[in-house]
Structures are given as structure tokens and as C-alpha cells.
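Below, each chain spelled out in residue letters.
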Amino acid sequence: MTQIQWKPVVVGVDDSTESASAAAIGWKIAQAAGTDCYLVHGTREVSAIPVAPPLPPFDPAELSEQLTQAARTRLEGILSGTVPAAVLEHFEVRLGNGAWAIRHAVEDHDAGLVVVGGKHHAPPARWLGGSTAHHVVRTVDVPLMITWSPRQAVRRILVAVDLSYAAQPTLETAAQFAKLFSAQLRILHVIEELPYVAELPMQIDPEDYRRQCMEQFGQLLARVLGDREVEHAVHSGTPSRVIVDESGSWDADLVIVGSHGRGWVDRLLIGSTTERLINHLPTSLLVVPVRASAEQSTVLRLTGATTKRAKV
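Attention here is on the structure that accompanies the text.

What counts, and at which threshold
- Residues numbered from 1 in each chain as written.
- Predicted model: local features only at pLDDT ≥ 70, side-chain atom pairs only at ≥ 80, totals over all residues.
- Heavy atoms only, no water.
- Helix = DSSP H or I, 4+ residues; strand = E, 2+ residues; numbered from the N terminus.
- Buried < 20%, exposed > 50% of the residue type's maximum accessible area, 1.4 Å probe, protein only.
- Phe/Tyr/Trp six-rings, centres within 6.5 Å; stacked < 30°, edge-to-face > 60°.
- Lys NZ or Arg CZ within 6 Å of the ring centre and 35° of its normal.
- Core = buried A, V, L, I, M, F, W, Y, C linked by side-chain atoms within 4.5 Å.
- Contact = heavy atoms within 4.5 Å.
- Axes fitted to C-alpha atoms, helices over the stretch in contact; angles between N-to-C directions.
- Parallel < 35°, antiparallel > 145°, perpendicular 65-115°, else oblique.
- Nonpolar A, V, L, I, M, F, W, Y, C, P; charged D, E, K, R; others polar.

**Looking at unusual backbone geometry**
Part 1: For Ser182, which is not glycine, the phi torsion reads 50° and is therefore positive.
Part 2: Locating Ser182 in the fold gives a position in the loop between helix H7 (167-181) and strand E7 (184-191).
Part 3: Not every positive phi belongs to a glycine, and Asp251 is a case in point at roughly 60°.
Part 4: In this structure, Asp251 sits in the loop between helix H9 (239-250) and strand E9 (254-260).
Part 5: Judged by relative accessible area, which is 36%, Asp251 ranks as partly exposed.

**Section: the environment of Tyr209**
Part 1: Here Tyr209 shows up in helix H8 (residues 206-225).
Part 2: On the basis of relative accessibility, which here comes to 24%, the residue Tyr209 falls in the partly exposed class.
Part 3: Note: C-alpha distance between Tyr209 and Ile191 (18 residues apart in sequence) is 9.2 Å.

**So, the packing of aromatic side chains**
Part 1: Applying the stated criterion across every chain yields a total of two aromatic pairs.
Part 2: Consider the rings of Trp6 and Phe177, whose centres lie 5.5 Å apart with planes at 85°: the pair is edge-to-face. Here Trp6, found in the segment before strand E1 (9-12), pairs with Phe177, found in helix H7; they are 171 residues apart in sequence, far enough to count as distant.
Part 3: For Trp6, a relative accessible area of 8% puts it in the buried group.
Part 4: On the numbers, 6.4 Å between centres and 25° between planes, the contact of Phe177 with Phe181 is stacked. Highlighted residues: Phe177 and Phe181, both in helix H7, separated by four residues, approximately one helical turn.
Part 5: Looking at Arg156, its charged tip hangs above the ring of Trp250, at a distance of 4.9 Å from the centre.

**Here's the deal with the nonpolar core**
Part 1: In terms of nonpolar packing, the biggest core is built from 53 residues, with Val11, Leu39, Met145, Ile157, Phe177, Ile187 and Ile256 touching the most fellow members.
Part 2: Per-element tally for this core: the top contributor is helix H1 (residues 17-33), with seven residues.
Part 3: Apart from the residues lying within four places of it in its own chain, the contact partners of Met145 are Ile25, Ile29, Leu113, Val114, Val115, Val116, Phe177, Leu254, Leu285 and Leu286.
Part 4: Core analysis: the second largest hydrophobic core is formed by 34 residues, Tyr38, Ala111, Val114 and Leu158 among them.

**Describing the packing of H1 against H7**
Packed helices, taken two at a time, are described by their axes: the angle between them and the distance between them.
Part 1: Two numbers describe how H1 lies on H7: the axes approach to 10 Å, and their chain directions differ by 80°. Here H7 runs roughly perpendicular to H1, going by the angle between their axes. Of the residues in H7, those in contact with Ile29, Ala32 and Ala33 of H1 are Phe177, Leu180 and Phe181.
Part 2: Taken together, the residues of the contact of H1 with H7 sort by class into six nonpolar, no polar and no charged.

Right, here's the structure in full:
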């Protein structure tokens, strides 16, 4: 079997305890995958810092350098002991918004995974600056892991898939992570209730709808897994609620979902399921961005592998 070449891991860090945990997890993933780990912190530019006039003469470039060095020293002290000294040698402090600093680091290092610490925020806080995770998921085009658990071992992975074009790449990414950590994989499909539309002359029979969903789900498993036996479950209900309940009852260490994105509007809004999971999931979450093309082909940026699917 061909050895998969994993791409580097970028970890967004700040001075929070969640960030330190994310750094440790990101480094362990990179170590297991045999790739590099880059720690990145975004700090505000001098022009973006509010000051009260009058302002004495100063050199903006010199002040920026001082602020960058101060941030580096502070964060290195926080992260020391969390990751090896060799990883801190790759620590980067970049001027600008945290989410965009991470995006630029992904581009510069051709990274395949971003890891950030999760902090749950109410909607007003998110739109007014809130969690970096909410900004990053709208900004980067590679899988994003949001850590929300003190656990650093990945033993159980729950992957939730729908029947869209995002299902196969999401499931393949989950299989890669399960293999990397020799983790148990469980596949979940949630059948949403059909809305009742009075204007339609004929409603879809619920039992026939469920049967078709089960058939398509079975075809997906066969297409991706072949003859491999993998534990799976099908439930009915609201996806985000079912995923949260299933991850808790099954004691998952990591939940993986696909995010459908086609353009800037999709990025700004992101799916309601993804949004709710970032806010309420009690464990770590991996969001796999999947872009649809004319041929329904997707590049798995995690490892650089390419998979093409026939039109459906």
C-alpha cells in the first residue's frame, strides 16, 4: 500500500488554555503523520491599535517589531512545556487578524490541516469578534480541527455524513485519521424529517423516503469502504442535535463533518449544522470543507491526494 504523504499542520495560538491544548494536539498529529507543525499567532498592526492623541513621534516599523517580539516572548512562555522546543523554533508571529494570519500560513507552508482551540460564544460575540474558530472556518480551504476537550488521545472517531457531494471526501478524511491513530471509526447518517408543503399536489411517502436514504447511504459505504466492516448507525432527527447526542453516548474523542461551500456567501453564513456543532459539541470537531466542481471532484488538501467521483 502506498504511504500517504501528509501535509504540514498549522496551529493557531493565543494566550488561552484552550490554545495550549490545541498546540499539544496539533503537534501530536504532526508527529504521528511524520510532518511539520507550525505555530502561528496573529497580532494587531500598529495602525489598528487605538491610541489617545497626541501621539509622540515613533517609528511604526520599530514599534511593530517590538510588539511582535513581546507577543512571541509571552506566548513562548505559555507554550513552553506543552510542545517540544523544536516546535517553538517554528513559532510565527504575524501582523494582522488571527484568522487571516492562519490562512496566510496555510498558503505559505502548503498546509493540509489547521488546529485551533475552541471557545464557545453566543451569536452577538461571534459577529462582533468572538471566536477565532468561527472566523477560520469561513477563511481557510483545508480541514479545520477545533479542539474542545482535555483529551489528547484520539481513540474514537465519529464521522457524520449526509448524501451530498461532500459525503465521500468527508468519509475518506475520517478514514485517514482513523488509520493514523489506529482509532475506532463510527459512521453516522441522520435522516432529516421531510417538511410538509401544502402547495405540493402529492407529498413524499416517509417510508419510501427513508428507504431511498438507506439505499444511498449503503451505496456510499460500499463505494468508499469496499469490503471493510465499519460500525455505522442511522438515526432520524435534526442533524446537529443527533450528532451531539451520539458523540456523547458513544464517547467520541473526535467528530468529523463536511462543510458545503461554494463561495463567499456560503463562507460567511456556513451551514447551520456546522455552526451549531462549533457552539455546542462537547468534544473536538474536524470540519472538512468540500467545494463542488462541474465533475464533482475534490482535492483532499489534508494529504494532497486527489479523488474524482462520477456525476450523480
